2 protein chains.
Amino acid sequence: MEIIIQRTVLEKNESAARENLAMFDRYGIHCINMLGGAGCGKTTVLETLLPKLTAEGRRCAVLEGDIATTRDAERIAALGVPVVQLLTEGGCHLTAAHVQRAMEHLSLDDLDLVFIENVGNPICPANFSLGEHRRISVLSVAEGDDKPLKYPLLFRSADLVLITKCDLLPYVRFNVERVCEEIRRLQPNCRIVAMDAREKNGVLELASWVQQECSSSLLVSN
Amino acid sequence: MEIIIQRTVLEKNESAARENLAMFDRYGIHCINMLGGAGCGKTTVLETLLPKLTAEGRRCAVLEGDIATTRDAERIAALGVPVVQLLTEGGCHLTAAHVQRAMEHLSLDDLDLVFIENVGNPICPANFSLGEHRRISVLSVAEGDDKPLKYPLLFRSADLVLITKCDLLPYVRFNVERVCEEIRRLQPNCRIVAMDAREKNGVLELASWVQQECSSSLLVSN
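Owing to the predicted nature of the structure, the values given are computational and were not obtained by experimental measurement.

A.B. asks: For this particular structure, what's the right way to read the pattern of salt bridges?
C.D. replies: Applying the stated criterion to the full structure yields 26 salt bridges over all chains. Note that arginine 71 of chain A is salt-bridged to glutamate 182 of chain B, the shortest N-O span being 2.4 Å. Separated into two different chains, arginine 71 of chain A in helix α3 (residues 71-77) and glutamate 182 of chain B in helix α7 (residues 176-186) make up a pair that spans both. Across this residue pair, the class does not change: arginine 71 of chain A and glutamate 182 of chain B are buried. Ionic pairing is found between aspartate 72 of chain B and lysine 150 of chain A, a salt bridge with its closest N-O pair at 2.7 Å. In this pair, aspartate 72 of chain B is assigned in helix α3 (residues 71-77) and lysine 150 of chain A in helix α5 (residues 147-150), connecting two distinct chains. Here the two residues aspartate 72 of chain B and lysine 150 of chain A agree in accessibility, since each one is buried. Look at the salt bridges and you will find they share partners, linking Arg71 of chain A together with Asp145, Arg178 and Glu182 of chain B into a network.

A.B. asks: What am I meant to see in the interface of chain B and chain A here?
C.D. replies: If you look at the interface, chain B gives 38 residues, while chain A gives 38 residues. Around 3200 Å² of area is buried between chain B and chain A when both sides are counted, 54% of it from carbon and sulfur atoms. Area buried by chain B at its contact with chain A is led by Arg71, Lys150 and Tyr171 of chain B, which between them contribute 20% of it. At the boundary of chain B with chain A, the tally comes to 6 salt bridges. For aspartate 66 of chain B, the salt bridge identified is with lysine 150 of chain A, shortest N-O distance 3.5 Å. Of all elements in the fold, only α1 (2-26), α3, α5 (147-150) and α7 of chain B reach the threshold of two or more residues within the side of chain B that touches chain A. No other element matches the 4 residues that α1 of chain B contributes to the side of chain B that touches chain A. Class assignment for the residues of the side of chain B that touches chain A results in 17 nonpolar, 5 polar and 16 charged.

A.B. asks: Help me out: how do you make sense of the sheet that holds strand β4 (residues 113-117) of chain B in this one?
C.D. replies: Across a sheet, strands are paired by hydrogen bonds formed along the backbone, either parallel or antiparallel in direction. Residues and elements named next belong to chain B. The strand order across the open sheet formed by 7 strands is β3-β2-β4-β1-β5-β6-β7, and the pairing between neighbours is parallel. On the outer flanks of this sheet lie β3 (83-87) and β7 (191-194), each paired with one strand and no other. Shown here is a sheet whose adjacent strand axes are inclined to one another by a mean of 20 degrees, direction ignored. Across 5 bridges, the pairing between strand β2 (residues 60-66) and β3 is parallel. Along β3, the bridge assignment pairs glycine 65 with leucine 86. Contacts from helix α2 (residues 42-55) reach β1 (30-36), β2, β4, β5 (134-140) and β6 (160-164), with the element oriented near 170 degrees to β4.

A.B. asks: Where do I start with the relation of the copies chain B and chain A in this structure?
C.D. replies: Expressed as a screw transformation, the operator carrying chain B onto chain A has a rotation angle of 180 degrees and an axial translation of 0.0 Å, and the superposed copies differ by an RMSD of 0.0 Å. Between the two chains, the operation in question is that of a two-fold axis.

A.B. asks: How should the environment of leucine 168 of chain A be read in this particular structure?
C.D. replies: All names here are of chain A. Locating leucine 168 in the fold gives a position in the loop between β6 (160-164) and α7 (176-186). For leucine 168, a relative accessible area of 2% gives the class buried. Along the primary structure leucine 168 and aspartate 196 are separated by 28 residues, whereas in three dimensions their C-alpha atoms are 8.8 Å apart.

A.B. asks: Teacher, can you tell me more about the packing of aromatic side chains here?
C.D. replies: The relation between two aromatic rings is expressed through the spacing of the ring centres and the mutual angle of the planes. In the structure shown here, the tally under the stated rule is 1 aromatic pair over all chains. Arranged with centres 3.5 Å apart and planes meeting at 5 degrees, the rings of tyrosine 171 of chain A and tyrosine 171 of chain B form a pair that is stacked. Highlighted residues: tyrosine 171 of chain A in the loop between β6 and α7 and tyrosine 171 of chain B in the loop between β6 and α7, drawn from two different chains. When its relative accessible area of 31% is taken as the criterion, tyrosine 171 of chain A is described as partly exposed.

A.B. asks: Can you help me understand the environment of alanine 158 of chain B in this one?
C.D. replies: Residue and element names in this part refer to chain B. Within the secondary structure, alanine 158 is located in the loop between α6 (152-156) and β6. For the pair alanine 158 and glutamate 14, spaced 144 residues apart in the sequence, the C-alpha separation amounts to 17 Å. Residues in contact with alanine 158, not counting those within four places in the same chain, are Arg135, Ser137, Gln187 and Cys190.

A.B. asks: Sorry if this is basic, but what is going on with empty space enclosed by the protein here?
C.D. replies: Unfilled space is identified by rolling a water-sized probe across the atoms. The final tally for this structure, using the stated rule, is 3 cavities of 30 Å³ or more. Approximately 50 Å³ is the volume found for the largest cavity. Ser140, Ala142 and Glu143 of chain A together with Ser140 and Glu143 of chain B are, among the 13 residues lining the largest cavity, the residues nearest its centre. Taken as a whole, the second largest cavity encloses approximately 40 Å³ of empty space. Lining the second largest cavity we find Gly36, Gly37, Pro122, Val138, Leu139, Glu143, Lys147, Tyr151, Leu154 and Phe155 of chain A together with Ala38 of chain B. Breaking the lining of the second largest cavity down by element, the ones donating at least two residues are β5 (134-140) and α6 (152-156) of chain A. Residue composition of the lining of the second largest cavity, grouped by class: 7 nonpolar, 2 polar and 2 charged.

Parameters at a glance
- Residues numbered from 1 in each chain as written.
- Chains lettered and ligands numbered in written order.
- Predicted model: local features only at pLDDT ≥ 70, side-chain atom pairs only at ≥ 80, totals over all residues.
- Heavy atoms only, no water.
- Salt bridge = Lys/Arg side-chain N within 4 Å of Asp/Glu carboxyl O.
- Helix = DSSP H or I, 4+ residues; strand = E, 2+ residues; numbered from the N terminus.
- Buried < 20%, exposed > 50% of the residue type's maximum accessible area, 1.4 Å probe, protein only.
- Contact = heavy atoms within 4.5 Å.
- Buried area = accessible area lost by both parts, 1.4 Å probe.
- Nonpolar A, V, L, I, M, F, W, Y, C, P; charged D, E, K, R; others polar.
- Pairing = 2+ DSSP bridges.
- Axes fitted to C-alpha atoms, helices over the stretch in contact; angles between N-to-C directions.
- Least-squares fit on C-alpha atoms with pLDDT ≥ 70 in both.
- Phe/Tyr/Trp six-rings, centres within 6.5 Å; stacked < 30°, edge-to-face > 60°.
- 1 Å grid on protein atoms, 1.4 Å probe; cavity = no way out; pocket = protein on both sides within 12 Å on 5 of 7 lines; lining within 4 Å.
- Points joined across faces, edges and corners; volume = space filled by probe spheres on them.

This is the structure:
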(Lines give C-alpha, C1' and ligand atoms only; values in the text may rest on other atoms or scores of the structure.)
Protein backbone atom coordinates (compact mmCIF):
# COMPACT_ATOMS: atom_id res chain seq x y z
CA MET A 1 0.00 0.00 0.00
CA GLU A 2 2.60 2.56 1.08
CA ILE A 3 4.87 1.52 -1.79
CA ILE A 4 2.17 2.34 -4.31
CA ILE A 5 1.63 5.80 -2.83
CA GLN A 6 5.38 6.46 -2.92
CA ARG A 7 5.56 5.38 -6.54
CA THR A 8 2.78 7.78 -7.47
CA VAL A 9 4.54 10.70 -5.78
CA LEU A 10 7.77 9.82 -7.58
CA GLU A 11 5.99 9.44 -10.93
CA LYS A 12 4.29 12.80 -10.53
CA ASN A 13 7.67 14.30 -9.72
CA GLU A 14 9.36 12.68 -12.74
CA SER A 15 6.83 14.25 -15.06
CA ALA A 16 7.38 17.74 -13.58
CA ALA A 17 11.16 17.15 -13.72
CA ARG A 18 10.92 16.40 -17.47
CA GLU A 19 9.01 19.68 -17.93
CA ASN A 20 11.75 21.54 -16.00
CA LEU A 21 14.52 20.00 -18.09
CA ALA A 22 12.68 21.00 -21.28
CA MET A 23 12.31 24.55 -19.95
CA PHE A 24 16.02 24.77 -19.02
CA ASP A 25 16.98 23.52 -22.49
CA ARG A 26 14.57 25.92 -24.22
CA TYR A 27 16.27 28.85 -22.49
CA GLY A 28 19.81 27.46 -22.80
CA ILE A 29 20.18 27.25 -19.02
CA HIS A 30 22.42 24.61 -17.44
CA CYS A 31 21.03 23.36 -14.12
CA ILE A 32 23.04 21.78 -11.29
CA ASN A 33 21.42 20.18 -8.22
CA MET A 34 23.63 20.18 -5.09
CA LEU A 35 22.93 17.55 -2.47
CA GLY A 36 24.41 16.70 0.91
CA GLY A 37 23.81 16.56 4.65
CA ALA A 38 23.17 19.53 6.95
CA GLY A 39 26.28 21.63 7.40
CA CYS A 40 28.39 19.82 4.81
CA GLY A 41 29.29 23.18 3.25
CA LYS A 42 27.02 23.54 0.21
CA THR A 43 26.39 27.27 0.71
CA THR A 44 30.07 27.98 1.41
CA VAL A 45 31.01 26.21 -1.83
CA LEU A 46 28.55 28.41 -3.72
CA GLU A 47 29.91 31.53 -2.01
CA THR A 48 33.37 30.64 -3.33
CA LEU A 49 32.31 29.37 -6.74
CA LEU A 50 29.79 32.00 -7.84
CA PRO A 51 32.14 35.05 -7.90
CA LYS A 52 34.54 33.00 -10.04
CA LEU A 53 31.85 31.96 -12.54
CA THR A 54 30.39 35.47 -12.62
CA ALA A 55 33.83 36.93 -13.31
CA GLU A 56 34.13 34.50 -16.21
CA GLY A 57 30.90 35.88 -17.68
CA ARG A 58 28.36 33.22 -16.63
CA ARG A 59 25.03 34.64 -15.56
CA CYS A 60 24.08 32.58 -12.52
CA ALA A 61 21.10 32.21 -10.19
CA VAL A 62 20.50 30.05 -7.14
CA LEU A 63 17.43 28.30 -5.73
CA GLU A 64 17.89 27.72 -2.01
CA GLY A 65 15.99 24.82 -0.45
CA ASP A 66 15.48 24.91 3.30
CA ILE A 67 12.95 23.85 5.89
CA ALA A 68 12.98 27.20 7.63
CA THR A 69 14.77 30.59 7.66
CA THR A 70 16.21 32.58 4.73
CA ARG A 71 19.78 32.35 6.07
CA ASP A 72 21.32 30.65 3.05
CA ALA A 73 19.50 32.89 0.55
CA GLU A 74 20.80 35.98 2.37
CA ARG A 75 24.38 34.74 1.98
CA ILE A 76 23.86 34.27 -1.77
CA ALA A 77 22.06 37.61 -2.18
CA ALA A 78 25.05 39.32 -0.53
CA LEU A 79 27.09 38.25 -3.58
CA GLY A 80 24.67 40.08 -5.89
CA VAL A 81 23.49 36.80 -7.41
CA PRO A 82 19.72 36.39 -8.00
CA VAL A 83 18.34 33.90 -5.49
CA VAL A 84 14.96 32.38 -4.64
CA GLN A 85 14.46 30.86 -1.20
CA LEU A 86 12.26 27.76 -1.26
CA LEU A 87 10.88 26.90 2.16
CA THR A 88 9.61 23.34 2.42
CA GLU A 89 8.08 23.93 5.89
CA GLY A 90 9.09 20.56 7.25
CA GLY A 91 9.51 18.81 3.88
CA CYS A 92 12.78 16.90 3.74
CA HIS A 93 13.61 17.45 0.04
CA LEU A 94 12.85 19.70 -2.90
CA THR A 95 10.51 18.48 -5.62
CA ALA A 96 10.37 19.40 -9.30
CA ALA A 97 7.19 21.35 -8.54
CA HIS A 98 9.09 23.56 -6.07
CA VAL A 99 11.61 24.33 -8.80
CA GLN A 100 8.86 25.07 -11.33
CA ARG A 101 7.29 27.65 -9.04
CA ALA A 102 10.64 29.21 -8.11
CA MET A 103 11.74 29.62 -11.73
CA GLU A 104 8.73 31.92 -12.30
CA HIS A 105 10.54 34.49 -10.17
CA LEU A 106 13.67 34.57 -12.35
CA SER A 107 14.27 36.22 -15.69
CA LEU A 108 15.08 33.12 -17.76
CA ASP A 109 16.42 34.99 -20.79
CA ASP A 110 19.17 36.47 -18.61
CA LEU A 111 20.57 33.21 -17.20
CA ASP A 112 23.18 30.64 -18.21
CA LEU A 113 23.40 28.60 -15.05
CA VAL A 114 21.06 27.74 -12.18
CA PHE A 115 22.32 26.06 -9.01
CA ILE A 116 19.77 24.37 -6.78
CA GLU A 117 20.94 23.92 -3.21
CA ASN A 118 18.77 21.10 -1.92
CA VAL A 119 17.58 20.68 1.69
CA GLY A 120 20.42 19.55 4.00
CA ASN A 121 19.71 15.83 4.08
CA PRO A 122 21.85 13.04 2.67
CA ILE A 123 18.92 10.75 1.90
CA CYS A 124 15.57 11.94 0.54
CA PRO A 125 16.71 14.58 -2.01
CA ALA A 126 18.60 11.89 -3.95
CA ASN A 127 15.28 10.20 -4.82
CA PHE A 128 13.78 13.27 -6.47
CA SER A 129 14.91 14.54 -9.86
CA LEU A 130 14.36 18.28 -10.23
CA GLY A 131 15.04 18.32 -13.97
CA GLU A 132 18.72 19.15 -13.43
CA HIS A 133 21.44 18.38 -15.98
CA ARG A 134 24.03 17.46 -13.38
CA ARG A 135 24.23 16.51 -9.70
CA ILE A 136 26.94 17.44 -7.24
CA SER A 137 26.96 15.48 -3.98
CA VAL A 138 28.84 16.98 -1.05
CA LEU A 139 30.51 15.17 1.87
CA SER A 140 32.50 17.03 4.50
CA VAL A 141 35.52 15.35 6.08
CA ALA A 142 33.95 16.05 9.49
CA GLU A 143 31.14 13.61 8.65
CA GLY A 144 33.53 10.62 8.63
CA ASP A 145 34.96 8.32 5.99
CA ASP A 146 32.38 5.54 6.43
CA LYS A 147 29.63 7.46 4.64
CA PRO A 148 29.64 6.46 0.93
CA LEU A 149 28.40 2.90 1.49
CA LYS A 150 26.10 4.06 4.30
CA TYR A 151 24.35 6.56 1.98
CA PRO A 152 24.79 4.84 -1.38
CA LEU A 153 22.20 6.70 -3.47
CA LEU A 154 23.72 10.08 -2.64
CA PHE A 155 26.97 8.98 -4.27
CA ARG A 156 25.61 6.63 -6.92
CA SER A 157 23.48 9.40 -8.42
CA ALA A 158 26.23 12.07 -8.41
CA ASP A 159 28.07 13.34 -11.48
CA LEU A 160 30.67 14.91 -9.21
CA VAL A 161 31.41 14.39 -5.53
CA LEU A 162 32.88 17.26 -3.54
CA ILE A 163 34.86 16.39 -0.44
CA THR A 164 34.68 19.59 1.61
CA LYS A 165 36.32 21.09 4.71
CA CYS A 166 39.68 19.50 3.85
CA ASP A 167 41.29 22.06 6.16
CA LEU A 168 39.93 19.86 9.00
CA LEU A 169 41.75 16.72 7.77
CA PRO A 170 44.52 16.99 10.40
CA TYR A 171 41.91 16.93 13.20
CA VAL A 172 39.46 14.22 12.10
CA ARG A 173 39.59 10.53 11.22
CA PHE A 174 39.03 10.65 7.46
CA ASN A 175 40.92 8.54 4.98
CA VAL A 176 40.48 10.31 1.62
CA GLU A 177 41.67 7.24 -0.31
CA ARG A 178 39.16 4.97 1.42
CA VAL A 179 36.35 7.39 0.56
CA CYS A 180 37.39 7.71 -3.10
CA GLU A 181 37.65 3.92 -3.37
CA GLU A 182 34.14 3.48 -1.88
CA ILE A 183 32.63 6.15 -4.13
CA ARG A 184 34.20 4.47 -7.18
CA ARG A 185 32.84 1.13 -6.02
CA LEU A 186 29.37 2.71 -6.26
CA GLN A 187 30.12 4.56 -9.49
CA PRO A 188 33.38 3.74 -11.28
CA ASN A 189 33.66 6.95 -13.34
CA CYS A 190 32.64 9.49 -10.71
CA ARG A 191 34.61 12.74 -10.72
CA ILE A 192 35.82 13.61 -7.21
CA VAL A 193 37.11 17.03 -6.15
CA ALA A 194 38.65 17.73 -2.74
CA MET A 195 37.94 21.26 -1.53
CA ASP A 196 38.76 23.69 1.16
CA ALA A 197 36.44 26.57 0.36
CA ARG A 198 37.99 28.97 2.88
CA GLU A 199 41.45 28.58 1.42
CA LYS A 200 39.86 28.30 -2.02
CA ASN A 201 41.61 24.96 -2.73
CA GLY A 202 39.77 22.91 -5.34
CA VAL A 203 37.67 25.85 -6.53
CA LEU A 204 39.50 26.21 -9.85
CA GLU A 205 38.99 22.52 -10.59
CA LEU A 206 35.29 22.74 -9.69
CA ALA A 207 34.75 25.94 -11.68
CA SER A 208 36.43 24.45 -14.71
CA TRP A 209 34.23 21.31 -14.52
CA VAL A 210 31.11 23.48 -14.22
CA GLN A 211 32.16 25.60 -17.21
CA GLN A 212 32.82 22.51 -19.29
CA GLU A 213 29.48 20.88 -18.38
CA CYS A 214 27.73 24.16 -19.05
CA SER A 215 29.23 24.44 -22.54
CA SER A 216 28.48 20.80 -23.44
CA SER A 217 24.87 21.13 -22.34
CA LEU A 218 24.47 24.30 -24.46
CA LEU A 219 25.98 22.51 -27.48
CA VAL A 220 23.50 19.66 -27.06
CA SER A 221 20.49 21.95 -26.71
CA ASN A 222 21.40 24.21 -29.63
CA MET B 1 -4.16 14.57 -1.12
CA GLU B 2 -0.51 14.10 -0.10
CA ILE B 3 -1.24 15.66 3.30
CA ILE B 4 -3.94 13.10 3.99
CA ILE B 5 -1.63 10.22 3.07
CA GLN B 6 1.08 11.61 5.32
CA ARG B 7 -1.36 11.94 8.19
CA THR B 8 -2.43 8.30 7.83
CA VAL B 9 1.18 7.11 7.92
CA LEU B 10 1.83 9.23 11.01
CA GLU B 11 -1.36 8.02 12.72
CA LYS B 12 -0.44 4.39 12.07
CA ASN B 13 3.00 5.11 13.50
CA GLU B 14 1.58 6.80 16.60
CA SER B 15 -0.49 3.76 17.42
CA ALA B 16 2.54 1.41 17.10
CA ALA B 17 4.59 3.90 19.18
CA ARG B 18 2.01 3.73 21.98
CA GLU B 19 2.29 -0.07 21.93
CA ASN B 20 6.09 0.18 22.14
CA LEU B 21 5.92 2.56 25.09
CA ALA B 22 3.53 0.21 26.91
CA MET B 23 5.91 -2.70 26.23
CA PHE B 24 8.93 -0.73 27.52
CA ASP B 25 7.02 0.21 30.66
CA ARG B 26 5.80 -3.36 31.21
CA TYR B 27 9.39 -4.60 31.24
CA GLY B 28 10.77 -1.60 33.15
CA ILE B 29 12.94 -0.57 30.21
CA HIS B 30 13.85 3.09 29.65
CA CYS B 31 14.10 3.96 25.95
CA ILE B 32 16.10 6.84 24.46
CA ASN B 33 15.85 7.82 20.77
CA MET B 34 19.00 9.54 19.39
CA LEU B 35 18.56 11.84 16.39
CA GLY B 36 20.91 13.90 14.28
CA GLY B 37 22.47 14.36 10.86
CA ALA B 38 24.89 11.98 9.15
CA GLY B 39 28.28 11.96 10.84
CA CYS B 40 27.26 14.12 13.79
CA GLY B 41 28.78 11.55 16.15
CA LYS B 42 25.85 9.51 17.47
CA THR B 43 27.70 6.17 17.37
CA THR B 44 30.84 7.66 18.93
CA VAL B 45 28.75 9.07 21.79
CA LEU B 46 27.30 5.60 22.39
CA GLU B 47 30.77 4.04 22.28
CA THR B 48 31.83 6.39 25.08
CA LEU B 49 28.61 6.29 27.09
CA LEU B 50 27.78 2.56 27.08
CA PRO B 51 30.89 1.30 28.94
CA LYS B 52 30.21 3.90 31.64
CA LEU B 53 26.54 2.88 32.06
CA THR B 54 27.43 -0.83 31.94
CA ALA B 55 30.06 -0.31 34.63
CA GLU B 56 27.37 1.37 36.76
CA GLY B 57 25.22 -1.76 36.46
CA ARG B 58 22.73 -0.73 33.76
CA ARG B 59 21.92 -3.52 31.31
CA CYS B 60 21.85 -1.76 27.93
CA ALA B 61 20.99 -2.65 24.34
CA VAL B 62 21.09 -0.63 21.12
CA LEU B 63 18.94 -0.57 18.00
CA GLU B 64 20.97 0.81 15.09
CA GLY B 65 19.03 2.48 12.26
CA ASP B 66 20.79 2.77 8.92
CA ILE B 67 19.97 2.76 5.23
CA ALA B 68 22.73 0.31 4.40
CA THR B 69 25.73 -1.54 5.95
CA THR B 70 26.12 -2.94 9.48
CA ARG B 71 29.03 -0.62 10.27
CA ASP B 72 27.49 1.08 13.30
CA ALA B 73 26.13 -2.18 14.75
CA GLU B 74 29.62 -3.73 14.51
CA ARG B 75 31.06 -0.86 16.55
CA ILE B 76 28.45 -1.42 19.29
CA ALA B 77 28.84 -5.22 19.21
CA ALA B 78 32.57 -4.74 19.77
CA LEU B 79 31.67 -3.30 23.20
CA GLY B 80 29.83 -6.50 24.11
CA VAL B 81 26.48 -4.68 24.16
CA PRO B 82 23.48 -6.47 22.53
CA VAL B 83 22.64 -4.68 19.28
CA VAL B 84 20.10 -5.07 16.48
CA GLN B 85 20.84 -3.47 13.11
CA LEU B 86 17.73 -2.09 11.41
CA LEU B 87 18.24 -1.52 7.71
CA THR B 88 15.66 0.80 6.17
CA GLU B 89 16.85 0.08 2.59
CA GLY B 90 16.44 3.65 1.44
CA GLY B 91 13.97 4.74 4.13
CA CYS B 92 15.00 8.04 5.69
CA HIS B 93 13.83 7.38 9.26
CA LEU B 94 12.92 4.61 11.67
CA THR B 95 9.28 3.90 12.42
CA ALA B 96 7.70 2.41 15.51
CA ALA B 97 7.08 -0.78 13.50
CA HIS B 98 10.84 -1.15 12.89
CA VAL B 99 11.38 -0.93 16.64
CA GLN B 100 8.62 -3.44 17.36
CA ARG B 101 10.22 -6.03 15.09
CA ALA B 102 13.73 -5.35 16.42
CA MET B 103 12.70 -5.76 20.07
CA GLU B 104 11.65 -9.36 19.32
CA HIS B 105 15.36 -10.16 19.01
CA LEU B 106 16.24 -8.93 22.49
CA SER B 107 15.71 -10.55 25.85
CA LEU B 108 13.46 -7.93 27.45
CA ASP B 109 13.68 -9.28 30.99
CA ASP B 110 17.44 -8.66 30.94
CA LEU B 111 17.36 -4.99 29.98
CA ASP B 112 17.14 -1.63 31.79
CA LEU B 113 17.91 0.73 28.94
CA VAL B 114 17.49 0.71 25.16
CA PHE B 115 19.14 3.31 22.94
CA ILE B 116 17.79 3.74 19.43
CA GLU B 117 20.27 5.37 17.06
CA ASN B 118 18.06 6.76 14.31
CA VAL B 119 19.01 7.11 10.63
CA GLY B 120 21.51 9.95 10.07
CA ASN B 121 19.12 12.68 8.96
CA PRO B 122 18.25 15.89 10.81
CA ILE B 123 14.70 16.08 9.43
CA CYS B 124 12.43 13.06 8.95
CA PRO B 125 13.21 11.05 12.13
CA ALA B 126 11.94 13.95 14.26
CA ASN B 127 8.40 13.41 12.89
CA PHE B 128 8.17 9.77 13.97
CA SER B 129 7.74 8.75 17.59
CA LEU B 130 9.18 5.29 18.25
CA GLY B 131 7.61 4.96 21.69
CA GLU B 132 10.72 6.33 23.39
CA HIS B 133 10.70 7.96 26.84
CA ARG B 134 13.31 10.56 25.94
CA ARG B 135 14.92 12.10 22.86
CA ILE B 136 18.51 13.21 22.49
CA SER B 137 19.26 15.42 19.46
CA VAL B 138 22.86 15.69 18.34
CA LEU B 139 24.58 18.59 16.55
CA SER B 140 28.28 18.57 15.78
CA VAL B 141 30.21 21.84 15.85
CA ALA B 142 31.42 21.04 12.30
CA GLU B 143 27.83 21.44 11.04
CA GLY B 144 27.78 25.15 11.82
CA ASP B 145 26.06 27.35 14.37
CA ASP B 146 23.14 28.36 12.13
CA LYS B 147 21.41 24.99 12.43
CA PRO B 148 18.86 25.16 15.30
CA LEU B 149 16.47 27.57 13.55
CA LYS B 150 17.11 25.86 10.19
CA TYR B 151 16.07 22.45 11.58
CA PRO B 152 13.61 23.53 14.28
CA LEU B 153 11.78 20.25 14.93
CA LEU B 154 15.02 18.38 15.67
CA PHE B 155 15.65 20.74 18.56
CA ARG B 156 12.08 21.51 19.60
CA SER B 157 11.35 17.82 20.16
CA ALA B 158 14.56 17.09 22.10
CA ASP B 159 14.76 16.47 25.85
CA LEU B 160 18.51 16.96 25.69
CA VAL B 161 20.72 18.43 22.97
CA LEU B 162 24.28 17.17 22.63
CA ILE B 163 26.81 19.51 21.02
CA THR B 164 29.50 17.10 19.80
CA LYS B 165 33.04 17.27 18.42
CA CYS B 166 33.90 20.23 20.66
CA ASP B 167 37.58 19.37 20.08
CA LEU B 168 37.07 20.98 16.63
CA LEU B 169 35.91 24.33 18.08
CA PRO B 170 39.27 26.06 17.46
CA TYR B 171 39.07 25.21 13.74
CA VAL B 172 35.43 25.95 12.83
CA ARG B 173 33.08 28.92 12.99
CA PHE B 174 30.75 27.85 15.78
CA ASN B 175 29.50 30.17 18.48
CA VAL B 176 28.32 27.89 21.31
CA GLU B 177 26.42 30.72 23.00
CA ARG B 178 24.52 31.58 19.82
CA VAL B 179 23.52 27.93 19.43
CA CYS B 180 22.37 27.57 23.04
CA GLU B 181 20.38 30.78 22.74
CA GLU B 182 18.67 29.54 19.54
CA ILE B 183 17.90 26.13 21.03
CA ARG B 184 16.37 27.83 24.09
CA ARG B 185 14.33 30.07 21.80
CA LEU B 186 12.78 26.87 20.40
CA GLN B 187 12.51 25.19 23.77
CA PRO B 188 13.20 27.27 26.87
CA ASN B 189 14.00 24.41 29.29
CA CYS B 190 16.10 22.23 27.03
CA ARG B 191 19.11 20.59 28.68
CA ILE B 192 22.25 21.13 26.60
CA VAL B 193 25.49 19.18 27.04
CA ALA B 194 28.73 20.02 25.20
CA MET B 195 30.79 16.93 24.43
CA ASP B 196 34.09 15.81 23.10
CA ALA B 197 33.69 12.04 23.00
CA ARG B 198 37.33 11.34 22.21
CA GLU B 199 38.57 13.25 25.23
CA LYS B 200 35.51 12.05 27.14
CA ASN B 201 34.48 15.60 28.07
CA GLY B 202 30.78 15.85 28.85
CA VAL B 203 30.34 12.09 29.20
CA LEU B 204 29.90 12.19 32.98
CA GLU B 205 27.21 14.85 32.67
CA LEU B 206 25.41 12.85 29.95
CA ALA B 207 25.68 9.57 31.85
CA SER B 208 24.33 11.16 35.00
CA TRP B 209 21.35 12.63 33.08
CA VAL B 210 20.62 9.22 31.54
CA GLN B 211 20.82 7.50 34.95
CA GLN B 212 18.47 10.06 36.46
CA GLU B 213 15.93 9.79 33.60
CA CYS B 214 16.17 6.03 33.77
CA SER B 215 15.42 5.99 37.51
CA SER B 216 12.50 8.44 37.22
CA SER B 217 10.93 6.43 34.41
CA LEU B 218 11.21 3.22 36.48
CA LEU B 219 9.59 4.98 39.46
CA VAL B 220 6.69 6.10 37.27
CA SER B 221 6.15 2.68 35.72
CA ASN B 222 6.36 0.72 39.02
